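Spelled out from the first residue to the last, the chains are:
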Amino acid sequence: MPIDNKTPKWRHQLTLVDREELAVDGVSSLGSYDEKEVVMETEQGVLTITGEGLNIKQLNLEQGNIVIEGTVKGLTYEDETRQKKGLLERFLK
């Protein structure tokens, strides 16, 4: 829920249904994605989703949510101290 119009803050929440559909709230930006990996910046750090046949079904950065379909095999958060550097390094590869 936004605190005010200038600094949006959402509650960070993950909902995984049968390892086939993942809804994530609290997303501030989408880094990179392909059918095996989706990288995003969330209110709790950089989140990497790994799997097979991953597809972004829905994305709304104004509301801070994303829905991903496919077989989810892993969810990984990067350390807070490496958060911004880690995402930047992924873009520069």
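Residues numbered from 1 in each chain as written. Predicted model: local features only at pLDDT ≥ 70, side-chain atom pairs only at ≥ 80, totals over all residues. Heavy atoms only, no water.

Another point: the nonpolar core. Burial of nonpolar side chains together is a common tendency in soluble globular proteins. Leu22, Val24, Val27, Val38, Met40, Leu47, Ile49, Leu54, Ile66, Ile68 and Val72 form the largest nonpolar core, which has 11 residues in total. Of all the elements in the fold, those that place two or more residues in this core are β2 (21-25), β4 (37-42), β5 (45-60) and β6 (65-77). Discounting residues that sit within four places of it in the chain, Leu54 has contacts with Asp34, Glu35, Lys36, Glu37, Val38, Ile49, Ile68, Glu69, Gly70 and Thr71. (Core = buried A, V, L, I, M, F, W, Y, C linked by side-chain atoms within 4.5 Å. Buried < 20%, exposed > 50% of the residue type's maximum accessible area, 1.4 Å probe, protein only. Helix = DSSP H or I, 4+ residues; strand = E, 2+ residues; numbered from the N terminus. Contact = heavy atoms within 4.5 Å.)

Here the focus is the sheet that holds strand β3 (residues 27-33). With antiparallel pairing, six strands are arranged side by side in an open sheet as β1-β2-β6-β5-β4-β3. A strand with exactly one partner marks an edge of an open sheet, and here the two such strands are β1 (13-17) and β3. Along the sheet, successive strands turn relative to each other by an average axial angle of 45°, direction set aside. Pairing of β4 with β5, which is carried by six bridges, proceeds in the antiparallel orientation. Counterpart to Glu41 in the pairing with β5 is Val46. (Pairing = 2+ DSSP bridges. Axes fitted to C-alpha atoms, helices over the stretch in contact; angles between N-to-C directions.)

It is worth spelling out the pattern of salt bridges at this point. Under the definition given, this model contains three salt bridges. In this structure, Glu21 and Lys57 form a salt bridge, with 3.2 Å as the shortest nitrogen-oxygen distance. Highlighted residues: Glu21 in strand β2 and Lys57 in strand β5, separated in sequence by 36 residues. Its salt-bridge partner being Lys57, residue Glu69 comes within 3.8 Å of it at the nearest N-O pair. Remark: Lys57 occurs in strand β5 and Glu69 occurs in strand β6; sequence separation between them is 12 residues. The class of Glu69 is partly exposed, set by a relative accessible area of 31%. (Salt bridge = Lys/Arg side-chain N within 4 Å of Asp/Glu carboxyl O.)

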